[in-house]
Amino acid sequence: MEVTGEPIRVQSLIQSGLSQVPFEYIQPPNNRPIHTDPDANIPIVDLFNFNPNRRHSTREVIGQACREWGAFHIINHGVPTTLLDAVRRAGLAFFDECPMPEKLRYACTAGAAASEGYGSRMLVSSNEKGNDAVSQVLDWRDYFDHHTFPLSRRDPNRWPNFTSDYRESVAKYSDEMKILAQKLLALISESVGLRPSCIEDGVGELYQNITISYYPPCPQPDLTLGLQSHSDMGAITLLIQDDVGGLQVLQNGSDNWVTVQPLSDAILVLLADQTEIITNGKYRSCVHRAVTNPDKPRLSVATFHDPAKTVKISPASELITNSSPAKYQDVVYGDYVSSWYTKGPEGKRNIDALIL
Ligand SMILES: O=C(O)CCC(=O)C(=O)O
Ligand SMILES: [Fe+2]
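From a predicted model like this one, the values you see are computed outputs, not experimental measurements. (Residues numbered from 1 in each chain as written. Chains lettered and ligands numbered in written order. Predicted model: local features only at pLDDT ≥ 70, side-chain atom pairs only at ≥ 80, totals over all residues. Heavy atoms only, no water.)

Before going further, it helps to spend a moment on the overall build of the chain. Tallying secondary structure elements over the chain gives nine helices and 14 strands in all. In terms of overall size, the chain behaves like a compact globule, its C-alpha atoms giving a radius of gyration of 20 Å where 356 residues would be expected to give roughly 21 Å. Considered along the principal axes of its C-alpha atoms, the chain spans approximately 60 × 45 × 45 Å. Per-residue burial for the chain yields a buried fraction of 54% across its 356 residues. Across the chain, the fraction of contacts at a sequence separation of at least 24, relative to all contacts at a separation of at least 6, is 79%. Summing over all exposed atoms, the chain offers an accessible surface of approximately 15200 Å²; the carbon and sulfur share of this is 50%. On the chain, the mean spot of the 32 positive side-chain charges and the mean spot of the 42 negative ones are 3 Å from each other. (Helix = DSSP H or I, 4+ residues; strand = E, 2+ residues; numbered from the N terminus. Rg over C-alpha atoms; globule rule 2.2 N^0.38 Å. Buried < 20%, exposed > 50% of the residue type's maximum accessible area, 1.4 Å probe, protein only. Contact = heavy atoms within 4.5 Å. Areas by Shrake-Rupley, 256 points an atom, 1.4 Å probe, with all protein chains shown as cover. Lys, Arg positive; Asp, Glu negative; His and termini not counted. Charge placed at Lys NZ, Arg CZ, Asp CG, Glu CD.)

Attention shifts here to the site of ligand 1. Looking at ligand 1, the residues that line it are Arg141, Tyr215, Leu227, His230, Asp232, Leu239, Leu247, His288, Arg298, Ser300 and Phe304. Between ligand 1 and histidine 288, the relevant distance is 3.0 Å, taken from an oxygen atom to a side-chain nitrogen or oxygen of the residue. Contact between ligand 1 and arginine 298: an oxygen atom at 2.8 Å from a side-chain N or O atom of the residue. Protein coverage of the free-state accessible area of ligand 1, which is 300 Å², stands at 96%. Secondary-structure elements contributing two or more residues to the shell around ligand 1 are β6 (227-230) and β12 (298-306). (Near = heavy atom within 4 Å. Polar contact = N/O pair within 3.5 Å; in protein donor to acceptor, adjacent residues only side chain to side chain.)

For the iron ion (ligand 2), the full set of protein donor atoms is His230 (NE2), Asp232 (OD) and His288 (NE2), at a range of 2.1 to 2.2 Å. Each donor residue of the iron ion (ligand 2) lies on one chain, and together they are spaced H-x1-D-x55-H. In this structure, histidine 230 and aspartate 232 share a single accessibility class: buried. (Donors = N, O, S within 2.8 Å, 3.2 Å for Na, K, Ca; no water.)

Turning our eyes to something else, we now look at helix α6 (residues 166-191). Taking 1.5 Å per residue as the helical rise, α6 with its 26 residues ought to reach 38 Å, and the 36 Å between its terminal C-alpha atoms agrees with that figure. Looking one or two residues beyond α6, the residue adopting positive phi is glycine 193, at roughly 90°. (Expected span 1.5 Å × (residues − 1).)

This part takes up the sheet that holds strand β3 (residues 117-119). Taken together, the eight strands give an open sheet; going across it, the order is β1-β2-β10-β7-β12-β5-β4-β3, and neighbouring strands pair in mixed fashion. Each edge of the open sheet carries a strand with a single partner, namely β1 (44-46) and β3. Mean inter-strand twist for the sheet, computed between neighbouring axes without regard to direction, equals 25°. Looking at chain direction, strand β4 (residues 142-149) and strand β5 (residues 207-215) are connected through seven bridges and run antiparallel. What sits directly across from tyrosine 143, in β5, is serine 213. (Pairing = 2+ DSSP bridges. Axes fitted to C-alpha atoms, helices over the stretch in contact; angles between N-to-C directions.)

Let's shift gears to the side chain of arginine 154. Relative to the helices and strands, arginine 154 resides in the loop between β4 and α6. A distance of 2.7 Å separates the side chain of arginine 154 from the side chain of aspartate 175, its partner in a polar contact. Contact partners of arginine 154, with chain neighbours within four places excluded, come to His147, Thr148, Phe149, Trp159, Ala171, Ser174 and Asp175.

So, on to the sheet that holds strand β8 (residues 247-250). The sheet built from four strands is open, its strands ordered β6-β11-β8-β9 with antiparallel pairing. Two strands close off the open sheet at either side, each with one partner strand: β6 and β9 (257-259). Here the strands of the sheet are splayed against their neighbours by 20° on average, with no regard to which way each runs. Across two bridges, β6 lies against strand β11 (residues 288-290) in antiparallel orientation. Note that in β11 the partner of leucine 227 across the bridge is alanine 290.

The next thing to look at is the nonpolar core. One finds Ile74, Tyr173, Leu180, Leu238 and Ile267 to be the most contacted residues of the largest nonpolar core, which totals 67 residues. In this structure, leucine 180 is in contact with Phe50, Ile74, His77, Val79, Leu238 and Ile267, ignoring residues within four places of it in sequence. Core analysis: the next-biggest nonpolar cluster, separate from the first, contains 13 residues, Ile42, Val260, Cys286 and Ala302 among them. (Core = buried A, V, L, I, M, F, W, Y, C linked by side-chain atoms within 4.5 Å.)

Overall, the coordinates contain nine aromatic pairs when judged by the stated rule. Where tyrosine 25 meets tryptophan 140, the ring centres are 5.1 Å apart and the plane angle is 80°; that geometry is what we call edge-to-face. Here the residue tyrosine 25 occupies a position in the loop between α1 (10-15) and β1, and tryptophan 140 occupies one in the loop between α5 (126-129) and β4, the gap between them amounting to 115 residues. With a centroid separation of 6.0 Å and 55° between ring planes, the pair formed by phenylalanine 95 and tyrosine 118 is classed as tilted. Note that phenylalanine 95 is positioned in helix α3 (residues 81-97) and tyrosine 118 in strand β3, a separation of 23 residues in sequence. Tyrosine 118 shares its class with phenylalanine 95; the two are buried. (Phe/Tyr/Trp six-rings, centres within 6.5 Å; stacked < 30°, edge-to-face > 60°.)

Here is the structure:
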């Protein structure tokens, strides 16, 4: 199918009263969400509000979580729960209550990668991209993407003001998430034996985007995915979700999908691909996906922290020795992103293409 005009918002589909999902949303049998490990849980790391006396033990716990999962909840992170709730509430009000014509005033640019605004992923034509491996299946998801850092990219006038505190809440949340991401990158660096600033130095100025995802109820959750399997491209993602649940992660080295339990005060940390490169594979990016459910809409807020497009990412020199050579090719981040958009997530790790 060609990319033509505006994508259809999943919410409009569901409001038309479907009992079966259109074929574009049906996953091939191997990708359907049937294999889940009901007993496993990702770790919960208590940050003790970054108390310096606890730093050593916190670092150890983070190191283990990064090695085993590339994902962990954090609690006592210092971000007020009232702010987490305010962002969830503002996002939900936009998707649930704002009339569609007003929502569409914020539509992102059709066909442009990562453009700011309200959208839904479109089918990518294999002819256009010259690659038959492009995923042809659509996600059961609508989203709003906000450009938040550097501040030169931030223009709250492009964000909804459907609830009067929407813009203020997203801006405050963005500021808090950036500070938290920087503190976490320092702890993660230390936990792998690097200087505290090593990962952030490698990434450079943080480019931050906040994506609020909305997954409408789905009449056939066994055949669909809210968001197909992928790892995030940047350095670190901080995610909150509502109490519905549907995010799943793969434990490192396993084929078992594990559901991430919603915890209203916690923030989920997901290691992304550039951190895997900088740590020379000592930590791997977390592969995750979102499943749908037949009854309730679900909301998540993902805050991505990425390098600038011009930055060259390489394994940290401190980790390279004769006995432990570089495992990844250097890559200019913009080229990495372009190849992701050309090939699509393909349900596998794009970063594997860089492994030497
Ligand atoms: O909805 C979720 O929980 C996952 C969102 C996500 O993985 C993403 O936006 O990259
Ligand atoms: Fe993701």
